[in-house]
Amino acid sequence: LPLATMSTEGLGPPPEDQERSSEISFVPVDTSAPPPSYEPPSIARAWKFYHENLPKRIKVSKSSGPGVGYGGMLQMGAGNQGAQQSSKGTGYRLARPGEIQDPVSGEPARPYEICGSYKELDEFGIGISLYFRQLLLLFVVVGGCACVNLNTIATNSEFNPENTTSTLVGSVYGLGRDNLTFANQGQADIITCLVLGAFVFALKYFESKNIEQIDLAQQTPQDYAVRVTRVPEHMKNPDSYYHFFKKWGDVVFVSVALDNGPLLKKLADSRELDEEIAAVEATNAAMVAAGKEVGEASKKKLGEMNNKKAELTLEVQSLTKPTYHAKAVYVIFNKESDQRACLRDCATGILEEQFNMQCFSMNDNSTMEGQVLRVDEPVEPSEVIYENLHLSFVDYWGGLFKSYAITAGILGVSFAILNALSVSVSDNEGGTEVAESSTGYASAIFVSLLNGMLPWTLKKLTLMMEVHVDEGDVQTSILRKLMIARCLNTAVLMYVVTDFDAQFSSANLSQVQSILIADCFTTPVIRCLNIYEHVMHYVVAPTKPTQSQMNVLFQGAYWNLAERYTDMIKTLFVGLFYSTIIPSSLFITSAAMLVTYIVDRYCLLRMWSRPPMYDESLATASRKMMVVSVWVHVVMARVFFSNWPYKNPAEKPDCNLFTCTDTANVWTDEQKRIVGVYEGVGIMIFVFGFWIFFFRKITSACRSLCCQSVDEVGKASNVEYRNLTGVSAYVPNLKRDSLINPLFACDVSMVNPIYLPCRKVTLDGQNLDPSSLSLNSDQDMPFADAGQRVNFFGSCKFYAQQSVLSGQQQPQQVQAAPLPQQTMMRPAQPVAVQMSPTNHGGRTGGSGVGGFFTPGQQGGNPYRQQQGHMQMQQVQQVQQVQQVQQ
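Here the structure is a predicted model, which is why all the values come from computation and not from measurement.

Any chance you could break down the sheet that holds strand E3 (residues 56-59) for me, citing the residues and the numbers?
Spatially, the three strands line up as an open sheet ordered E6-E3-E7, and their pairing is antiparallel. Pairing within the sheet leaves two strands with one partner each, and these edge strands are strand E6 (92-94) and strand E7 (109-111). Taking the axes of each pair of neighbouring strands and ignoring which way they run, one obtains an average angle of 40 degrees across the sheet. Across three bridges, the pairing between E3 and E6 is antiparallel. Of the residues in E6, the one forming a bridge with Arg57 is Leu94.

Below, the structure is given as structure tokens:
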């Protein structure tokens, strides 16, 4: 297909009463020529790629002097011309994957220090930085609460039996009803509840201040950009939006994304298939070069893959329409103050957007050709999922319903298994406990295994069932399901399935301790061992026939931020759930936060794959779960104290979410006092929690009916977007796990490569032509010419600095300097070209002029060129079969 030119009369699926007319031409290749030389992939090059992909930081210039703040007021520390970071920044930025030095200053990229400051992690974005800051904060707060409970631990240890294991010393094991007093057990836990309650309610303020610090410390495209939705569907020209938004200031980029998701996905499938075909052909080329004959199985496999390629091409052709509609527009201003002014002036309400009407005269700015626009702040460019922008409200909620239903089914099965494995303890005549289960730790082992499987399972479930428009939404959805599943599975279900008279037993308390200790030490050690990645590097990678496929395995270990947040919350939830009966669990929980911080920081800087720049949504969701954890702790403390000492089921009180009643009339005065205090504290925290979760959300939703709220984080700096390096524009693209670089869903030939989210060199070290990653190409759509393809793809346009001509600001399109004729012109007829044998299935380019890269030779694996005419014949055959079937 790369050597073919396909032209079709009338794009799109043919009517039933007409036959598709197609014409395919190709350049015959001399199949009798000797096979090209084959250079096998190198593990050394793969390890070099791995080390180049590790996070590095580059020193940048910080601003000083006055800048423009809110309402046009001056702000100190933001006025240096040419500055790349505000005065409150770290003085460094995160280098892009494979970036060796800054393209402007020449500053080299340096590895991060393992023992550096936590503020260095601000360079990874708000979401990741907040995660590490919350770990440190929880380490301090929970550690302080643990120290408050030292007196309780000492008192309980006096009543523990002599045969108590060391890990259960200070727990409630062996304590009776008379050993329970408010001064010894209740007072310390009440102080713990009040400290944790004050902490979680003050956490929003802490979070807001930290978001402001992180946002001011790092300048990202989100700080300068606005997203425009509900746009006139027919308006796809970036210049139209440029002229509309330039009244707020200097516009640098305008990107238009279309509702062409199905087409993009099929084109990406085709690119992935190209990689697989290149791998098979590389293997065949190696056999031919070694003087061996290619086996029939390999030939058959290659033929099947070529047939699939031809079918994919026809599917792509069937998805072409006369035109696609504009779905979202991203506008990047040169200054943060211009972006904020635009957001304020264009604020609209839900009623205005849905019914296309104006409520306030100030919102006339948001009307374009009679259409009320929705203008808001977008997520970071690396978070946008462009291929899902076309999906509807029904698709979104339908996917969520199916996903959560399956998650509920998993929890139901977990409950049944835990019930079967639960520890049942009875008292014999001598007073010693006899465990009826085969092993006291069966439940703990099952919980650990399930918690290890849940992240992968729920991630796959989310990607298969749900549809989201940005990576932050994906992670938030995974976070919610994981938090619910892990917390219920680890703590609540274990409590429910455990017999009443076994709650204070040694076996049950040991199970809980085992889970907490595993979270603190075992799980982090397993993450550091990185067993799966070692298998990929030393066992699987040497079997890969191409350098591209080998390098994919060296991009770093897979991880997701949602899993890390849920690990943190799950450890906190379980520790607080059982801290009343095992006070030492607070020490273990505090230690787990510190160990997790150290291990995760090491993994982020030395082992994990590069994450997107997440926003604060995950931190906000985890903060709300902390409120739930504290309230559940208060509820369970009241339940544990009211059922103390869990000996006779006939004495079980009647408890609900807010109160407990002594139906058997066996409580002591101290017990009644403790239960009464916890009832009051529980209701108080519930009311505050209801206000946070529901009341504020309801009032905010009511306000948004008429006016959209604009949240400004800190004051706008005067650092200009044009001065930034290492940032990407909102270029429509899609990513695939089997491909190193993203695939661009627009023409990027006239976009400066420094703004493109791709590597700058090929696998063999040559300059990469970014146009080779564009799906808007003859190779991907051989049946349509450049004029026709314009209707199928979005666009991304860069505008030079505005100049004042005749009192008006005119846009100027930056173009590359004139290039040699032989590099600029495309051949009129397809030709076979010779490529480096190591660049399987890729297309490279040479260095150009003016900061651009010139289009280089295009083609694929040289061995594959001998199969080009066979692919064209297969396309024709598939078309003929489909015509006959029709």
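More follows now that the structure is in view.
Account for the packing of helix H12 (residues 471-497) against helix H18 (residues 617-643), naming residues and giving values.
In contact at an axis separation of 10 Å, H12 and H18 are set at 15 degrees when each is read in the N-to-C sense. By the angle class used here, H12 and H18 are roughly parallel. Seen along the crossing, H12 lies across H18 with a hand that is right-handed. Across the interface between the two elements, Gly472, Gln475, Thr476, Leu479, Met483, Cys487 and Tyr495 of H12 pack against Ser617, Leu618, Ala621, Ser622, Met625, Met636, Val639 and Phe640 of H18. A class-by-class count of the residues in the contact of H12 with H18 yields ten nonpolar, five polar and no charged.

Run through unusual backbone geometry, naming residues and quoting values.
The omega torsion across Trp644 and Pro645 is 10 degrees, close enough to zero to call that bond cis. The residue Pro645 is located in the loop between H18 and strand E16 (654-655) in this model. The phi torsion at Asn530 lies on the positive side, around 50 degrees, for a residue other than glycine. Along the chain, Asn530 turns up in the loop between helix H13 (506-529) and helix H14 (531-540). Of the residues examined, Asn530 reaches a relative accessible area of 14% and is grouped as buried. Positive phi outside glycine occurs at Asn665, with the angle close to 55 degrees. Within the secondary structure, Asn665 sits in the loop between strand E17 (660-661) and helix H19 (669-704). Relative accessible area serves as the criterion here: at 62%, Asn665 is assigned to the exposed category.

Before we move on, can you summarise the state of the cysteines with the specific residues and values?
Two cysteines joined by a covalent bond between their sulfur atoms form a disulfide. Evaluated as defined, the whole model comprises one disulfide. The disulfide that involves Cys655 links it to Cys660, with 2.2 Å between the sulfurs. Here Cys655 and Cys660 share a disulfide; its torsion about the S-S bond, 120 degrees, makes the bridge right-handed. Summary of cysteine pairing: Cys147 is not part of a disulfide, and the nearest cysteine sulfur, belonging to Cys145, is at 9.2 Å. Here Cys147 falls in the partly exposed class, since its relative accessible area comes to 44%.

Account for the nonpolar core, with residues named and values stated.
Tyr565, Met568, Tyr578, Leu604 and Met626 are the most contacted members of the largest nonpolar core, which totals 109 residues. Here the element with the most residues in this core is H18; it accounts for 16 residues. What Tyr578 contacts, discounting residues up to four positions off in sequence, is Ala491, Met494, Tyr495, Val512, Ser585 and Phe640. Among the nonpolar cores identified, the runner-up in size contains 41 residues, and Tyr242, Phe245, Cys342 and Met368 belong to it.

So what's going on with the pairing of strand E9 (residues 251-258)? Which residues, and what values?
In terms of burial, E9 is a largely internal element, eight of the eight residues being buried. Relative to strand E10 (residues 326-333), E9 runs antiparallel, the two being bridged by seven bridges. Considered in E10, the bridge of Phe253 is made with Ile332.

Describe the environment of Glu471, naming the residues involved and giving the relevant values.
Note that Glu471 resides in helix H12. Taking the C-alpha atoms as reference points, Glu471 and Glu383, separated by 88 residues in sequence, lie 4.7 Å from one another. When neighbours within four sequence positions are excluded, Glu471 is seen to be in contact with Ser382, Glu383, Ile385 and Tyr614.

So what about the packing of helix H2 (residues 126-148) against H18? Which residues, and what values?
Orientation of H2 relative to H18, taken along the N-to-C sense of each, is 25 degrees, at an axis distance of 10 Å. Here H2 lies roughly parallel to H18, going by the angle between them. Note on packing geometry: the crossing formed by H2 with H18 is right-handed. Taken together, the residues of H18 that come into contact with H2 (itself represented by Leu130, Gln134 and Leu138) are Ala619, Ser622 and Met626. In terms of residue class, the contact of H2 with H18 is built from four nonpolar, two polar and no charged.

I'd love a proper account of a nonpolar patch on the surface, names of residues and values included.
A cluster of nonpolar side chains, namely Val525, Leu529, Ile531, Val535, Tyr538 and Val539, defines an oily patch on the protein surface of about 570 Å² accessible area. Sorting the residues of the nonpolar patch by element identifies H13 and H14 as the ones contributing at least two each. In this fold, Val535 is placed in helix H14.

Report on the sheet that holds strand E8 (residues 225-229), specifying residues and quantitative values.
Here five strands make up an open sheet; going across it, the order is E13-E8-E10-E9-E20 and the pairing antiparallel. In the strand order of this sheet, the two ends are held by strand E13 (374-376) and strand E20 (795-798), each with one partner. Neighbouring strand axes in the sheet, compared pairwise and without regard to direction, differ in orientation by 15 degrees on average. On top of the sheet, helix H5 (residues 238-245) reaches E8, E9, E10 and E20; it is set at about 135 degrees to E9, its chief contact. Packed onto the sheet, helix H8 (residues 336-345) meets E8, E10 and E13 and runs at close to 30 degrees relative to E8.

The rules behind the values
- Residues numbered from 1 in each chain as written.
- Predicted model: local features only at pLDDT ≥ 70, side-chain atom pairs only at ≥ 80, totals over all residues.
- Heavy atoms only, no water.
- Pairing = 2+ DSSP bridges.
- Helix = DSSP H or I, 4+ residues; strand = E, 2+ residues; numbered from the N terminus.
- Axes fitted to C-alpha atoms, helices over the stretch in contact; angles between N-to-C directions.
- Parallel < 35°, antiparallel > 145°, perpendicular 65-115°, else oblique.
- Left-handed = near helix turned anticlockwise from the far one by under 90°.
- Contact = heavy atoms within 4.5 Å.
- Nonpolar A, V, L, I, M, F, W, Y, C, P; charged D, E, K, R; others polar.
- Buried < 20%, exposed > 50% of the residue type's maximum accessible area, 1.4 Å probe, protein only.
- Disulfide = S-S within 2.5 Å.
- Core = buried A, V, L, I, M, F, W, Y, C linked by side-chain atoms within 4.5 Å.
- Patch = residues over 30% accessible without salt bridge, like charges linked within 9 Å, V, L, I, M, F, W, Y side chains within 5 Å.
- Areas by Shrake-Rupley, 256 points an atom, 1.4 Å probe, with all protein chains shown as cover.
- Salt bridge = Lys/Arg side-chain N within 4 Å of Asp/Glu carboxyl O.

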